[in-house]
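Single-letter residue listing:
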Amino acid sequence: METDTDSEPYVRLRTLRQLHQVMADMNTARSLADTLQTVADGIVTGLGYELACVNLVRPDGDLVVAALAGNSAAEALITGRVGSRASWDRRLAMGEAWGDLRFIPHTEGWILDDDDVPQWFTDGPAPRFEDEWHPSDRLFAPMYTPGAPGTSCGELLGVISVDRPRNGRRPGAWGREALQMYAFQAAIAISNARLRANMQRALVRLEREQQALRASEESFRQAFEYAPSGMAIAEMGGDEHGRILRTNDALCRLLGRPASAMRRYSFADLVHPEDIGTLLRTSAEGGRAELRLGRRDGTYVWVSLRNSVVADATDGPRFLLTHVEDIEERKRRELQLAHRASHDSLTGLPNSAELRSRLSARLCQRPQSSPADAVDAMDAAFDPFDQFDRFGEGHPSGYDANGHAFAFGTTPGSGSGPGSGSGSGAYDAFDHHVHTVAPEGERDDGTKGLAVLFCDLDGFKSINDRFGHNAGDAVLIEVARRLGRAVRDGDTVARLGGDEFVVLADGLGRADAQDLAVRLRNEIIQPIRVDGRAMRVGASFGIGWAHCGMTADEVLKSADERMYVEKRSRPRQHRRAG
């Protein structure tokens, strides 16, 4: 048992060694829970108290009994129980202040018996001396985090409560200072333990995140490399924007190029020249486009591109991920369907709808009138609002000085005509249509126009009647082949239906059109062999001329009427070849 000398600065060496060992144990505990228990155990083994309890502040401010030493029954009863912060604040404001310690004698502490702070009551005889310890005395050592410079302490970290000194007396000056210093060191040890725990949790979390990142990267790599369709990663921004950085095997196989060669290109280098505008208009994020990419052998393949941006959380967009799907077969089917819709299934020639479409594309709404002088042309080109006065309000169509219609508010080239045109040069900024004109009169005056040759086969019905429709179909196929062989590249040969064909030939005069009709008739009347039989058909041609102001139906009707005039003008026996 300590003597009165414990109040003097003469302390046994054994006690100092015990304190040193206890503090060393506090700072070498492996976890926060071990540190808290070591703090409680140290008070019992090094400071001479029979019972010690560590109350730790929780995130919500209340204090929980985190560790207890000296009594296993008390430990089982109150460990883990919680006392409110308000009750603890009241305790730390009562009684006597011994430095940072707070002593509440039994004469004042009875009012705390029924509050919500977990307590363990001990029995013992009533004190006989003034400084003797009473079983209901309470001594608390608050633990604070290290304070900011110029302050004595930081925020409350926890409270150490002790009971029943082994010498049976209230601690003297040395005992109080020792407990206060111990609480200060315990606060540091607990703070360090918390820091280590937080660091360990952060390291575990970081490792898990890195593992998840590695797993995600591996999943992406496998999905990228083994995707059944093509994929590429390209640069975003900078001098090498769009340069391909990485491709998968599917894209290399699709384009017939090795991965090492692909890294020398961008998609702009590989795209078909006609599709470069489509590629440039395709947005980086979520952009889609259908275009053609060049293979190593010089051919092109139709693909569907889908873009997405691989972004960094801090640096923004970094890479462009492009999914490349082979749509060659779908495009081929689409072209086949479009061809079937616009071409005759038997002969492969453009059908009636396609013929009318091509013819309408060459015609505008008003015929070309007499040439306008310079003043009229300038008025037509640069004073469109005057057209509103002449043709009404709202959004009407006006006409230029040459009589060609156009809609105000449309962009150049968006009118009814597809091309660009004759007439005033000043008006070209508004309209680029080439007016289609026709020779005037029956003589060849040198005017070149769009000739429409309407062809009707003579004697075809008798072939159908005598030899059947299969033979008739074979004759039509051969006639279509001969017509196509006899015209120029750029001319149109179409089948209207039945045994009627139409040829569109641009840039011809009257004599040229008549020579063409004779040449085509001579091709048709040659014998056609079907199933070993020689068959002949004749042909009647009517030559019409298309010019602006006519509709496609009016042009075809004109040519048809001329064909019937030509047919009736020849003797019946000369209408067929034989």
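The structure presented is a predicted model; accordingly, all values stated were derived computationally and were not measured.

Q: Whenever I open this one, the overall build of the protein chain confuses me. Can you help?
A: Helices and strands together make up the secondary structure of the protein chain, namely 18 helices and 20 strands. Taken across its 578 residues, the protein chain has 42% of its residues classed as buried. Considering only contacts within the protein chain whose residues lie at least 6 apart along the sequence, 57% involve residues at least 24 apart. Summed over all atoms, the accessible surface of the protein chain reaches about 31200 Å², with 51% contributed by carbon and sulfur.

Q: How should the confidence of the model for the protein chain be read in this particular structure?
A: Note that predicted coordinates carrying low pLDDT should not be read in detail. With 81% of its residues at a pLDDT of 70 or more, the protein chain has an overall mean of 81. In the predicted structure, residues 1–8 sits below a pLDDT of 50 and forms 16 contacts with residues beyond four places in sequence or in another chain. Every residue in residues 370–431 is under pLDDT 50, and counting partners more than four places away or in other chains gives 98 contacts.

Q: Explain the packing of helix α12 (residues 352–361) against helix α18 (residues 552–569) to me, please; I cannot follow it from the model alone.
A: A packed helix pair is summarised by two numbers, namely the angle formed by the two axes and the spacing between the axes. Interaxial distance between α12 and α18 falls to 9 Å at its minimum, and their mutual angle equals 110 degrees. Taken together, the axes of α12 and α18 are roughly perpendicular relative to one another. Along its contact with α12, which presents Leu 355, Arg 356, Leu 359 and Ser 360, the element α18 presents Ala 552, Asp 553, Val 555 and Leu 556. Here the contact of α12 with α18 is built from residues that sort into five nonpolar, one polar and two charged.

Q: Explain the pairing of strand β7 (residues 156–165) here, please?
A: Across a regular strand the side chains alternate sides, sitting on one face of the sheet and then on the other. Within β7, nine of the ten residues are buried, which leaves the element mostly enclosed by the surrounding structure. Here strand β1 (residues 49–57) runs beside β7; their pairing, made up of seven bridges, is antiparallel. Looking at β7, one finds that Asn 55 is bridged to Val 159. Bridging between strand β6 (residues 138–144) and β7 involves six bridges; their strand directions are antiparallel. Along β7, the bridge assignment pairs Leu 139 with Val 162.

Q: What should I look at first to understand the packing of aromatic side chains in this one?
A: Under the definition given, this model contains four aromatic pairs. Plain terms: the ring middles of Trp 98 and Phe 103 are 4.6 Å apart, the flat faces sit at 10 degrees to each other, and that makes the pair stacked. One exposure class covers both Trp 98 and Phe 103, and it is buried. Three or more aromatic residues link up through ring pairs in this structure, and these residues are Trp 98, Phe 103 and Trp 133. Note that Lys 331 overlies the ring of Trp 302, its terminal NZ or CZ placed 4.5 Å from the centroid.

Rules used throughout
Residues numbered from 1 in each chain as written. Predicted model: local features only at pLDDT ≥ 70, side-chain atom pairs only at ≥ 80, totals over all residues. Heavy atoms only, no water. Helix = DSSP H or I, 4+ residues; strand = E, 2+ residues; numbered from the N terminus. Buried < 20%, exposed > 50% of the residue type's maximum accessible area, 1.4 Å probe, protein only. Contact = heavy atoms within 4.5 Å. Areas by Shrake-Rupley, 256 points an atom, 1.4 Å probe, with all protein chains shown as cover. pLDDT = per-residue confidence, 0-100. Axes fitted to C-alpha atoms, helices over the stretch in contact; angles between N-to-C directions. Parallel < 35°, antiparallel > 145°, perpendicular 65-115°, else oblique. Nonpolar A, V, L, I, M, F, W, Y, C, P; charged D, E, K, R; others polar. Pairing = 2+ DSSP bridges. Phe/Tyr/Trp six-rings, centres within 6.5 Å; stacked < 30°, edge-to-face > 60°. Lys NZ or Arg CZ within 6 Å of the ring centre and 35° of its normal.

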